[in-house]
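# Report on the structure
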There are 2 protein chains.
Amino acid sequence: MQASLEQYIRDRIGADDAQLGEVLSHFVPLKTRRNQLLVREGDVCRYCYFIIKGCVQVFVYDRNGDESTRDIVVENNWVSELYSFGNQAPARENIRVVEPGQLMAIGFDSFQKMVQTVPPFEQIYRQIVEQSYVNSVFRLNTFVAMDALERMQWIKEYQPKLLARLSSKLVASYLGISPETYSRLKARL
Amino acid sequence: MQASLEQYIRDRIGADDAQLGEVLSHFVPLKTRRNQLLVREGDVCRYCYFIIKGCVQVFVYDRNGDESTRDIVVENNWVSELYSFGNQAPARENIRVVEPGQLMAIGFDSFQKMVQTVPPFEQIYRQIVEQSYVNSVFRLNTFVAMDALERMQWIKEYQPKLLARLSSKLVASYLGISPETYSRLKARL
DNA sequence: TGAAAACCTTGACAATTGTCAATGTTCGGC
DNA sequence: GCCGAACATTGACAATTGTCAAGGTTTTCA
(Lines give C-alpha, C1' and ligand atoms only; values in the text may rest on other atoms or scores of the structure.)
Protein backbone atom coordinates (compact mmCIF):
# COMPACT_ATOMS: atom_id res chain seq x y z
CA MET A 1 0.00 0.00 0.00
CA GLN A 2 2.37 2.67 1.20
CA ALA A 3 5.30 0.49 0.33
CA SER A 4 6.52 2.72 -2.46
CA LEU A 5 6.68 5.78 -0.21
CA GLU A 6 8.56 3.76 2.35
CA GLN A 7 10.95 2.57 -0.32
CA TYR A 8 11.36 6.07 -1.69
CA ILE A 9 12.28 7.49 1.70
CA ARG A 10 14.40 4.51 2.70
CA ASP A 11 16.48 4.88 -0.44
CA ARG A 12 17.32 8.41 0.63
CA ILE A 13 17.33 8.26 4.39
CA GLY A 14 19.44 5.15 4.81
CA ALA A 15 18.19 2.39 7.06
CA ASP A 16 17.35 4.29 10.25
CA ASP A 17 14.06 2.57 11.06
CA ALA A 18 13.16 4.89 13.90
CA GLN A 19 13.38 7.98 11.75
CA LEU A 20 11.63 6.22 8.90
CA GLY A 21 8.72 5.26 11.13
CA GLU A 22 8.53 8.76 12.52
CA VAL A 23 8.38 10.26 9.07
CA LEU A 24 5.84 7.77 7.72
CA SER A 25 3.57 8.32 10.71
CA HIS A 26 2.86 11.84 9.47
CA PHE A 27 1.40 10.70 6.18
CA VAL A 28 -2.22 9.75 5.68
CA PRO A 29 -3.33 7.56 2.79
CA LEU A 30 -5.83 9.01 0.38
CA LYS A 31 -7.78 7.14 -2.25
CA THR A 32 -8.57 9.41 -5.17
CA ARG A 33 -11.39 9.33 -7.66
CA ARG A 34 -11.30 10.59 -11.21
CA ASN A 35 -11.50 14.39 -11.57
CA GLN A 36 -11.13 14.95 -7.84
CA LEU A 37 -9.78 18.44 -7.15
CA LEU A 38 -6.83 18.38 -4.75
CA VAL A 39 -6.01 22.09 -4.88
CA ARG A 40 -8.17 24.95 -6.09
CA GLU A 41 -6.75 28.28 -7.23
CA GLY A 42 -7.31 30.82 -4.47
CA ASP A 43 -7.45 28.28 -1.65
CA VAL A 44 -4.49 27.56 0.53
CA CYS A 45 -2.73 24.30 -0.35
CA ARG A 46 -2.52 22.43 2.95
CA TYR A 47 -0.89 19.18 1.85
CA CYS A 48 2.05 17.83 0.00
CA TYR A 49 1.25 14.58 -1.81
CA PHE A 50 3.29 11.58 -2.75
CA ILE A 51 1.69 9.67 -5.60
CA ILE A 52 1.62 5.92 -4.97
CA LYS A 53 -0.51 5.18 -8.00
CA GLY A 54 -2.30 7.30 -10.56
CA CYS A 55 -1.71 10.60 -12.26
CA VAL A 56 -2.57 14.25 -11.60
CA GLN A 57 -2.71 17.45 -13.63
CA VAL A 58 -1.46 20.86 -12.49
CA PHE A 59 -3.13 23.63 -14.44
CA VAL A 60 -4.35 27.21 -14.69
CA TYR A 61 -7.23 28.74 -16.62
CA ASP A 62 -6.44 30.96 -19.58
CA ARG A 63 -8.34 34.07 -20.77
CA ASN A 64 -11.05 31.91 -22.34
CA GLY A 65 -11.50 29.74 -19.30
CA ASP A 66 -9.74 26.85 -20.99
CA GLU A 67 -7.31 24.76 -18.97
CA SER A 68 -3.59 25.17 -19.56
CA THR A 69 -1.58 22.33 -18.14
CA ARG A 70 1.61 23.40 -16.40
CA ASP A 71 2.55 19.87 -15.38
CA ILE A 72 1.51 16.25 -15.26
CA VAL A 73 2.75 14.14 -12.37
CA VAL A 74 2.72 10.36 -12.12
CA GLU A 75 3.38 7.74 -9.45
CA ASN A 76 6.54 7.82 -7.36
CA ASN A 77 6.65 11.58 -7.52
CA TRP A 78 5.60 14.42 -5.28
CA VAL A 79 3.05 17.03 -6.13
CA SER A 80 1.87 20.17 -4.40
CA GLU A 81 1.41 23.83 -5.18
CA LEU A 82 4.75 24.58 -3.61
CA TYR A 83 4.39 28.32 -3.43
CA SER A 84 1.06 28.05 -1.68
CA PHE A 85 2.13 25.15 0.52
CA GLY A 86 5.38 26.76 1.59
CA ASN A 87 3.89 30.14 2.40
CA GLN A 88 0.39 28.96 3.31
CA ALA A 89 -0.80 31.58 0.83
CA PRO A 90 -3.57 31.34 -1.78
CA ALA A 91 -2.72 28.89 -4.55
CA ARG A 92 -2.14 30.14 -8.08
CA GLU A 93 -2.78 26.79 -9.70
CA ASN A 94 -5.24 23.93 -9.61
CA ILE A 95 -4.39 20.29 -9.12
CA ARG A 96 -6.76 17.56 -10.23
CA VAL A 97 -6.71 13.80 -10.40
CA VAL A 98 -6.54 12.45 -13.94
CA GLU A 99 -6.35 8.74 -13.19
CA PRO A 100 -7.90 7.45 -9.97
CA GLY A 101 -5.27 6.10 -7.64
CA GLN A 102 -3.63 6.27 -4.28
CA LEU A 103 -1.80 9.17 -2.62
CA MET A 104 -0.03 9.77 0.67
CA ALA A 105 -0.63 13.22 2.11
CA ILE A 106 1.39 15.15 4.65
CA GLY A 107 0.07 18.37 6.19
CA PHE A 108 1.97 21.63 6.46
CA ASP A 109 2.74 21.45 10.18
CA SER A 110 3.98 17.88 9.98
CA PHE A 111 6.04 18.72 6.95
CA GLN A 112 7.67 21.68 8.68
CA LYS A 113 8.42 19.59 11.71
CA MET A 114 9.98 16.82 9.63
CA VAL A 115 12.14 19.26 7.67
CA GLN A 116 13.35 20.87 10.89
CA THR A 117 13.89 17.79 13.01
CA VAL A 118 14.82 15.02 10.60
CA PRO A 119 17.87 16.17 8.64
CA PRO A 120 17.57 13.43 5.99
CA PHE A 121 14.02 14.59 5.37
CA GLU A 122 15.29 18.09 4.77
CA GLN A 123 17.65 16.64 2.20
CA ILE A 124 14.82 14.77 0.56
CA TYR A 125 12.86 17.97 0.38
CA ARG A 126 15.81 19.78 -1.17
CA GLN A 127 16.13 17.04 -3.75
CA ILE A 128 12.44 17.33 -4.59
CA VAL A 129 12.75 21.04 -5.18
CA GLU A 130 15.98 20.66 -7.13
CA GLN A 131 14.47 18.01 -9.34
CA SER A 132 11.30 20.03 -9.87
CA TYR A 133 13.37 23.05 -10.78
CA VAL A 134 15.54 21.21 -13.26
CA ASN A 135 12.42 19.73 -14.86
CA SER A 136 10.72 23.08 -15.19
CA VAL A 137 13.83 24.63 -16.72
CA PHE A 138 13.92 21.83 -19.24
CA ARG A 139 10.25 22.33 -20.01
CA LEU A 140 10.62 26.10 -20.17
CA ASN A 141 13.23 25.75 -22.86
CA THR A 142 10.82 23.74 -24.99
CA PHE A 143 8.42 26.67 -24.93
CA VAL A 144 10.97 29.40 -25.46
CA ALA A 145 12.76 27.65 -28.29
CA MET A 146 10.32 25.30 -30.03
CA ASP A 147 7.19 25.53 -32.15
CA ALA A 148 4.22 23.18 -31.80
CA LEU A 149 5.58 20.43 -34.04
CA GLU A 150 8.94 20.44 -32.31
CA ARG A 151 7.26 20.21 -28.91
CA MET A 152 5.35 17.17 -30.16
CA GLN A 153 8.58 15.56 -31.26
CA TRP A 154 10.04 16.46 -27.90
CA ILE A 155 7.31 14.76 -25.87
CA LYS A 156 7.51 11.73 -28.11
CA GLU A 157 11.22 11.45 -27.45
CA TYR A 158 11.48 12.43 -23.81
CA GLN A 159 8.07 11.50 -22.36
CA PRO A 160 6.81 8.57 -24.43
CA LYS A 161 5.11 6.93 -21.45
CA LEU A 162 3.21 10.09 -20.67
CA LEU A 163 2.16 10.35 -24.29
CA ALA A 164 0.84 6.80 -24.19
CA ARG A 165 -1.26 7.11 -21.07
CA LEU A 166 -2.87 10.55 -21.49
CA SER A 167 -5.78 11.64 -23.65
CA SER A 168 -4.93 13.69 -26.73
CA LYS A 169 -6.75 16.60 -25.22
CA LEU A 170 -4.51 16.56 -22.15
CA VAL A 171 -1.33 16.19 -24.17
CA ALA A 172 -2.37 19.14 -26.34
CA SER A 173 -2.98 21.21 -23.23
CA TYR A 174 0.39 20.10 -21.84
CA LEU A 175 2.05 21.28 -25.03
CA GLY A 176 0.19 24.56 -25.05
CA ILE A 177 -1.67 23.97 -28.31
CA SER A 178 -5.31 23.41 -29.28
CA PRO A 179 -6.69 19.87 -29.61
CA GLU A 180 -7.35 20.49 -33.31
CA THR A 181 -3.79 21.55 -34.04
CA TYR A 182 -2.57 18.58 -32.06
CA SER A 183 -4.72 16.23 -34.08
CA ARG A 184 -3.42 17.68 -37.33
CA LEU A 185 0.23 17.73 -36.41
CA LYS A 186 0.04 14.17 -35.16
CA ALA A 187 -0.49 13.11 -38.74
CA ARG A 188 2.81 14.78 -39.69
CA LEU A 189 5.04 12.94 -37.26
CA MET B 1 32.53 45.88 -3.38
CA GLN B 2 31.26 42.60 -2.05
CA ALA B 3 29.06 44.42 0.46
CA SER B 4 25.82 43.27 -1.12
CA LEU B 5 26.78 39.61 -0.95
CA GLU B 6 27.79 40.06 2.67
CA GLN B 7 24.48 41.75 3.38
CA TYR B 8 22.57 39.06 1.52
CA ILE B 9 24.15 36.28 3.52
CA ARG B 10 24.03 38.18 6.80
CA ASP B 11 20.29 38.70 6.40
CA ARG B 12 19.87 34.96 6.23
CA ILE B 13 22.62 33.60 8.41
CA GLY B 14 22.11 35.87 11.38
CA ALA B 15 25.11 37.70 12.78
CA ASP B 16 27.60 34.87 13.24
CA ASP B 17 30.70 36.69 11.99
CA ALA B 18 32.92 33.63 12.04
CA GLN B 19 30.62 31.64 9.77
CA LEU B 20 30.05 34.68 7.61
CA GLY B 21 33.76 35.21 7.12
CA GLU B 22 34.26 31.53 6.38
CA VAL B 23 31.57 31.58 3.74
CA LEU B 24 32.74 34.80 2.13
CA SER B 25 36.31 33.55 1.94
CA HIS B 26 35.23 30.99 -0.65
CA PHE B 27 34.02 33.60 -3.11
CA VAL B 28 36.23 35.31 -5.64
CA PRO B 29 35.27 38.65 -7.20
CA LEU B 30 34.93 38.75 -10.95
CA LYS B 31 34.66 41.83 -13.10
CA THR B 32 32.64 41.10 -16.22
CA ARG B 33 32.75 42.67 -19.64
CA ARG B 34 29.87 42.94 -22.07
CA ASN B 35 29.03 39.68 -23.92
CA GLN B 36 31.39 37.64 -21.79
CA LEU B 37 30.35 33.99 -21.79
CA LEU B 38 30.14 32.53 -18.29
CA VAL B 39 28.81 29.12 -19.25
CA ARG B 40 28.84 27.42 -22.62
CA GLU B 41 26.45 24.62 -23.57
CA GLY B 42 28.37 21.34 -23.42
CA ASP B 43 30.97 22.54 -20.95
CA VAL B 44 30.72 21.77 -17.25
CA CYS B 45 29.54 24.73 -15.20
CA ARG B 46 32.12 25.07 -12.43
CA TYR B 47 30.85 28.11 -10.59
CA CYS B 48 27.79 29.54 -8.97
CA TYR B 49 27.62 33.32 -9.28
CA PHE B 50 26.13 36.01 -7.13
CA ILE B 51 25.48 39.16 -9.13
CA ILE B 52 26.66 42.28 -7.34
CA LYS B 53 26.01 44.54 -10.29
CA GLY B 54 24.96 43.98 -13.87
CA CYS B 55 22.73 41.59 -15.72
CA VAL B 56 23.09 38.21 -17.41
CA GLN B 57 21.14 36.17 -19.93
CA VAL B 58 20.49 32.42 -19.74
CA PHE B 59 19.69 31.02 -23.15
CA VAL B 60 19.66 28.12 -25.59
CA TYR B 61 19.89 28.04 -29.36
CA ASP B 62 16.82 27.08 -31.38
CA ARG B 63 16.68 25.10 -34.65
CA ASN B 64 17.71 28.19 -36.63
CA GLY B 65 20.62 29.02 -34.38
CA ASP B 66 18.74 31.97 -32.88
CA GLU B 67 18.98 32.58 -29.17
CA SER B 68 16.00 31.75 -26.98
CA THR B 69 16.23 33.36 -23.59
CA ARG B 70 15.17 31.12 -20.73
CA ASP B 71 15.93 33.70 -18.07
CA ILE B 72 17.38 37.12 -17.32
CA VAL B 73 19.04 37.62 -13.95
CA VAL B 74 19.92 40.95 -12.32
CA GLU B 75 21.93 42.11 -9.30
CA ASN B 76 21.33 40.63 -5.86
CA ASN B 77 20.44 37.29 -7.39
CA TRP B 78 22.24 34.04 -8.01
CA VAL B 79 22.84 32.49 -11.37
CA SER B 80 24.30 29.20 -12.51
CA GLU B 81 23.37 26.30 -14.73
CA LEU B 82 22.13 24.39 -11.72
CA TYR B 83 21.82 21.02 -13.37
CA SER B 84 25.36 21.19 -14.69
CA PHE B 85 26.78 22.72 -11.52
CA GLY B 86 25.08 20.25 -9.19
CA ASN B 87 26.05 17.16 -11.18
CA GLN B 88 29.24 18.50 -12.74
CA ALA B 89 27.75 17.36 -16.02
CA PRO B 90 27.74 19.13 -19.41
CA ALA B 91 25.62 22.27 -19.37
CA ARG B 92 22.46 22.44 -21.44
CA GLU B 93 22.33 26.21 -21.48
CA ASN B 94 24.54 29.20 -22.08
CA ILE B 95 25.00 32.13 -19.73
CA ARG B 96 26.28 35.45 -20.99
CA VAL B 97 26.81 38.90 -19.55
CA VAL B 98 24.38 41.49 -20.90
CA GLU B 99 25.50 44.49 -18.87
CA PRO B 100 29.10 44.65 -17.65
CA GLY B 101 29.29 44.46 -13.91
CA GLN B 102 30.59 42.65 -10.90
CA LEU B 103 30.05 39.06 -9.78
CA MET B 104 31.15 36.89 -6.88
CA ALA B 105 31.94 33.33 -7.88
CA ILE B 106 32.10 30.21 -5.76
CA GLY B 107 33.49 26.96 -7.12
CA PHE B 108 31.83 23.56 -6.90
CA ASP B 109 34.05 22.10 -4.17
CA SER B 110 33.75 25.17 -1.97
CA PHE B 111 30.03 25.25 -2.52
CA GLN B 112 29.66 21.59 -1.54
CA LYS B 113 31.74 22.14 1.55
CA MET B 114 29.70 25.15 2.62
CA VAL B 115 26.40 23.35 2.11
CA GLN B 116 27.64 20.40 4.15
CA THR B 117 29.38 22.23 6.96
CA VAL B 118 27.53 25.51 7.39
CA PRO B 119 23.87 24.70 8.03
CA PRO B 120 22.65 28.25 7.41
CA PHE B 121 24.33 28.11 4.03
CA GLU B 122 22.41 24.98 3.22
CA GLN B 123 19.24 26.86 4.06
CA ILE B 124 20.28 29.72 1.82
CA TYR B 125 20.87 27.27 -0.97
CA ARG B 126 17.47 25.72 -0.42
CA GLN B 127 15.88 29.15 -0.56
CA ILE B 128 17.66 29.89 -3.82
CA VAL B 129 16.35 26.73 -5.40
CA GLU B 130 12.85 27.25 -4.00
CA GLN B 131 12.75 30.79 -5.30
CA SER B 132 14.10 29.76 -8.69
CA TYR B 133 11.51 27.03 -8.91
CA VAL B 134 8.60 29.28 -8.00
CA ASN B 135 9.78 31.82 -10.57
CA SER B 136 10.07 29.25 -13.30
CA VAL B 137 6.60 27.89 -12.54
CA PHE B 138 5.22 31.39 -12.79
CA ARG B 139 7.00 31.93 -16.07
CA LEU B 140 5.97 28.52 -17.39
CA ASN B 141 2.35 29.44 -16.89
CA THR B 142 2.77 32.54 -19.03
CA PHE B 143 3.88 30.32 -21.89
CA VAL B 144 1.29 27.63 -21.45
CA ALA B 145 -1.63 29.99 -21.02
CA MET B 146 -0.84 33.24 -22.84
CA ASP B 147 -0.35 34.46 -26.40
CA ALA B 148 2.33 36.98 -27.42
CA LEU B 149 0.29 40.09 -26.60
CA GLU B 150 -0.69 38.78 -23.20
CA ARG B 151 2.92 37.96 -22.40
CA MET B 152 3.87 41.52 -23.28
CA GLN B 153 1.20 42.82 -20.93
CA TRP B 154 2.50 40.41 -18.34
CA ILE B 155 6.09 41.62 -18.48
CA LYS B 156 4.91 45.22 -18.40
CA GLU B 157 2.95 44.53 -15.23
CA TYR B 158 5.25 42.13 -13.40
CA GLN B 159 8.73 43.01 -14.68
CA PRO B 160 8.61 46.71 -15.59
CA LYS B 161 12.20 47.30 -14.48
CA LEU B 162 13.45 44.50 -16.68
CA LEU B 163 11.48 45.90 -19.59
CA ALA B 164 13.10 49.29 -19.07
CA ARG B 165 16.69 48.15 -18.96
CA LEU B 166 16.82 45.54 -21.73
CA SER B 167 16.99 45.94 -25.49
CA SER B 168 13.82 45.19 -27.43
CA LYS B 169 15.57 42.29 -29.06
CA LEU B 170 16.32 40.69 -25.69
CA VAL B 171 12.82 41.24 -24.38
CA ALA B 172 11.39 39.66 -27.52
CA SER B 173 13.67 36.67 -27.03
CA TYR B 174 12.65 36.47 -23.36
CA LEU B 175 9.00 36.39 -24.43
CA GLY B 176 9.63 33.79 -27.10
CA ILE B 177 8.61 35.97 -30.06
CA SER B 178 10.43 37.52 -33.01
CA PRO B 179 11.76 41.09 -32.78
CA GLU B 180 9.41 42.13 -35.59
CA THR B 181 6.32 40.81 -33.84
CA TYR B 182 7.47 42.47 -30.66
CA SER B 183 7.90 45.78 -32.41
CA ARG B 184 4.41 45.57 -33.87
CA LEU B 185 2.63 44.45 -30.73
CA LYS B 186 4.33 47.20 -28.74
CA ALA B 187 2.27 49.70 -30.70
CA ARG B 188 -0.89 47.97 -29.50
CA LEU B 189 -0.27 48.24 -25.77
C1' DT C 1 35.14 60.93 -33.14
C1' DG C 2 33.99 58.19 -37.04
C1' DA C 3 33.15 53.92 -39.27
C1' DA C 4 31.04 49.56 -38.77
C1' DA C 5 27.94 46.88 -36.68
C1' DA C 6 23.92 46.09 -34.34
C1' DC C 7 19.37 47.50 -33.55
C1' DC C 8 14.52 49.04 -34.47
C1' DT C 9 10.75 49.63 -37.41
C1' DT C 10 7.76 48.88 -41.37
C1' DG C 11 5.91 46.55 -45.48
C1' DA C 12 4.63 42.49 -48.09
C1' DC C 13 3.82 38.00 -47.84
C1' DA C 14 3.99 33.11 -46.11
C1' DA C 15 3.44 29.78 -42.57
C1' DT C 16 1.56 28.45 -38.37
C1' DT C 17 -1.99 28.09 -35.21
C1' DG C 18 -6.69 28.99 -33.51
C1' DT C 19 -11.79 29.01 -33.91
C1' DC C 20 -16.17 27.28 -35.12
C1' DA C 21 -18.99 23.71 -36.76
C1' DA C 22 -20.20 19.04 -37.95
C1' DT C 23 -19.57 14.10 -37.60
C1' DG C 24 -18.25 9.79 -35.97
C1' DT C 25 -16.01 7.45 -32.04
C1' DT C 26 -14.82 6.22 -27.44
C1' DC C 27 -15.42 6.04 -22.70
C1' DG C 28 -17.32 6.25 -18.02
C1' DG C 29 -20.94 5.66 -14.78
C1' DC C 30 -25.11 3.56 -13.72
C1' DG D 1 -24.20 -3.59 -21.49
C1' DC D 2 -26.33 0.88 -22.50
C1' DC D 3 -26.77 5.74 -22.81
C1' DG D 4 -25.10 10.22 -22.62
C1' DA D 5 -21.24 12.91 -22.44
C1' DA D 6 -16.83 13.78 -23.54
C1' DC D 7 -13.38 13.10 -27.00
C1' DA D 8 -11.12 12.89 -31.68
C1' DT D 9 -11.01 14.22 -36.26
C1' DT D 10 -11.80 17.05 -40.40
C1' DG D 11 -13.07 21.13 -43.20
C1' DA D 12 -13.32 26.02 -43.97
C1' DC D 13 -11.82 30.14 -42.58
C1' DA D 14 -9.74 33.80 -39.57
C1' DA D 15 -6.20 35.48 -36.66
C1' DT D 16 -1.66 35.38 -35.12
C1' DT D 17 3.05 35.08 -35.77
C1' DG D 18 7.22 34.43 -38.57
C1' DT D 19 10.32 35.52 -42.50
C1' DC D 20 12.66 38.34 -45.68
C1' DA D 21 14.00 42.72 -47.20
C1' DA D 22 14.89 47.56 -46.82
C1' DG D 23 15.53 51.90 -44.40
C1' DG D 24 16.74 54.87 -40.77
C1' DT D 25 18.67 55.12 -36.12
C1' DT D 26 21.56 54.09 -32.33
C1' DT D 27 25.48 52.02 -30.18
C1' DT D 28 30.00 50.28 -29.86
C1' DC D 29 34.71 50.37 -29.80
C1' DA D 30 39.03 51.19 -31.80
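If you look chain A up in an unreviewed UniProt entry, it shows as Putative transcriptional regulator, Crp/Fnr family from Fibrisoma limi BUZ 3.

A word on the overall build of chain A. Counting its secondary structure elements, chain A contains 9 helices and 6 strands. What you see for chain A is a C-alpha radius of gyration of 18 Å, in line with the 16 Å of a compact globule of 189 residues. Structurally, chain A occupies a C-alpha span of about 55 × 35 × 30 Å along its principal axes. A total of 189 residues make up chain A; the buried ones form 52% of that total. A separation threshold of at least 6 residues defines the contact pool for chain A, and within that pool the share at least 24 residues apart is 68%. Accessible surface computed for chain A: about 9100 Å², of which carbon and sulfur atoms make up 47%. Across chain A, the 23 positively charged side chains and the 22 negatively charged ones have centroids separated by 6 Å.

It is worth spelling out the interface of chain B and chain A at this point. A common way to report how large an interface is uses the accessible area buried once the components associate. Facing 33 residues of chain B, the contacting portion of chain A comprises 33 residues. Taken together, the two surfaces of chain B and chain A that pack against each other cover about 3100 Å², and 65% of this comes from carbon and sulfur. The largest contributions to the chain B side of the interface with chain A come from B:Y133, B:L140 and B:V144, which together make up 21% of the buried area. Scanning the region where chain B abuts chain A turns up 6 salt bridges. The residue B:R63 makes a salt bridge to A:D147 at a minimum N-O spacing of 3.9 Å.

Right, let's talk about the protein's contact with DNA strand C for a bit. Surrounding DNA strand C, one finds 17 residues, the nearest of these being A:A148, A:T181, B:S168, B:K169 and B:R184. The sugar and phosphate moieties of DNA strand C supply 55% of its atoms located within 4 Å of the protein. One nitrogen or oxygen atom from the side chain of A:E180 is found 3.3 Å from a base nitrogen belonging to DNA strand C. Between DNA strand C and B:R184 there is a distance of 2.3 Å, counted from a base nitrogen to a side-chain nitrogen or oxygen. Of all elements in the fold, only α9 (179-186) of chain A together with α8 (168-175) and α9 (179-186) of chain B reach the threshold of two or more residues within the surface near DNA strand C. Per-element tally for the surface near DNA strand C: the top contributor is α9(B), with 4 residues.

Turning our eyes to something else, we now look at the environment of A:R96. In this fold, A:R96 is placed in strand β6 (residues 94-107). Excluding residues within four positions of it along the chain, A:R96 makes contact with A:N35, A:Q36, A:L37, A:L38, A:V56, A:Q57, A:F59 and A:E67.

Tallied over the full model, the rule gives 27 aromatic pairs over all chains. When the ring of A:F111 is compared with that of A:Y125, the centres are 5.2 Å apart and the planes differ by 85°; the resulting orientation is edge-to-face. On the criterion of sequence distance, the pair formed by A:F111 in helix α4 (residues 108-117) and A:Y125 in helix α5 (residues 119-145) is long-range, its members being 14 residues apart. Three or more aromatic residues joined by ring pairs make a cluster, and in this case those are A:F85, A:F108, A:F111, A:F121 and A:Y125. In this arrangement the basic side chain of A:R92 is found over the ring face of B:F138, its NZ or CZ atom lying 4.8 Å from the centre. The ring of B:Y8 has B:R12 lying over it, and the distance from NZ or CZ to the ring centre is 3.7 Å.

This paragraph deals with the pattern of salt bridges. Throughout the structure, instances matching the rule amount to 22 salt bridges over all chains. For B:D71, the salt bridge identified is with B:R70, shortest N-O distance 3.9 Å. Among the charged side chains, a network of salt bridges with common partners joins A:E6, A:R10 and A:D17.

For the rest of this paragraph, the subject is the relation of the copies chain B and chain A. Note on the identical chains: chain B maps onto chain A by a rotation of 180° and an axial translation of 0.0 Å, with an RMSD of 0.0 Å. Here the two chains are linked by the operation of a two-fold rotation axis. Distance from the rotation axis, computed per C-alpha, reaches its smallest value in chain B at B:Y133: 2.4 Å.

Time to look at the packing of α5(A) against helix α6 (residues 148-158) of chain A. All names here are of chain A. Between α5 and α6, the least distance of the axes is 9 Å, while the angle of their chain directions is 155°. Taken as axis vectors, α5 and α6 run roughly antiparallel relative to one another. Judged by the sense of rotation from one axis to the other, the crossing of α5 with α6 is right-handed. On α6, the residues touching F138, T142, F143 and A145 of α5 are E150, R151, W154 and Y158. Along the lines of polarity and charge, the residues of the contact of α5 with α6 split into 5 nonpolar, 1 polar and 2 charged.

The next thing to look at is the protein's contact with DNA strand D. Around DNA strand D, a shell composed of 17 residues is seen, among which A:S168, A:K169, A:R184, B:A148 and B:T181 lie nearest. Near-protein atoms of DNA strand D (within 4 Å) split between backbone and bases, with sugar and phosphate holding 54%. A distance of 3.2 Å separates a phosphate oxygen of DNA strand D from a polar backbone atom of B:S178. Elements with a contribution of two residues or more to the surface near DNA strand D: α8 (168-175) and α9 of chain A together with α9 of chain B. Here the element with the most residues in the surface near DNA strand D is α9(A); it accounts for 4 residues. Of the residues in the surface near DNA strand D, the class split is 2 nonpolar, 7 polar and 8 charged.

Definitions and limits used
- Residues numbered from 1 in each chain as written.
- Chains lettered and ligands numbered in written order.
- Predicted model: local features only at pLDDT ≥ 70, side-chain atom pairs only at ≥ 80, totals over all residues.
- Heavy atoms only, no water.
- Helix = DSSP H or I, 4+ residues; strand = E, 2+ residues; numbered from the N terminus.
- Rg over C-alpha atoms; globule rule 2.2 N^0.38 Å.
- Buried < 20%, exposed > 50% of the residue type's maximum accessible area, 1.4 Å probe, protein only.
- Contact = heavy atoms within 4.5 Å.
- Areas by Shrake-Rupley, 256 points an atom, 1.4 Å probe, with all protein chains shown as cover.
- Lys, Arg positive; Asp, Glu negative; His and termini not counted.
- Charge placed at Lys NZ, Arg CZ, Asp CG, Glu CD.
- Buried area = accessible area lost by both parts, 1.4 Å probe.
- Salt bridge = Lys/Arg side-chain N within 4 Å of Asp/Glu carboxyl O.
- Near = heavy atom within 4 Å.
- Polar contact = N/O pair within 3.5 Å; in protein donor to acceptor, adjacent residues only side chain to side chain.
- Phe/Tyr/Trp six-rings, centres within 6.5 Å; stacked < 30°, edge-to-face > 60°.
- Lys NZ or Arg CZ within 6 Å of the ring centre and 35° of its normal.
- Least-squares fit on C-alpha atoms with pLDDT ≥ 70 in both.
- Axes fitted to C-alpha atoms, helices over the stretch in contact; angles between N-to-C directions.
- Parallel < 35°, antiparallel > 145°, perpendicular 65-115°, else oblique.
- Left-handed = near helix turned anticlockwise from the far one by under 90°.
- Nonpolar A, V, L, I, M, F, W, Y, C, P; charged D, E, K, R; others polar.

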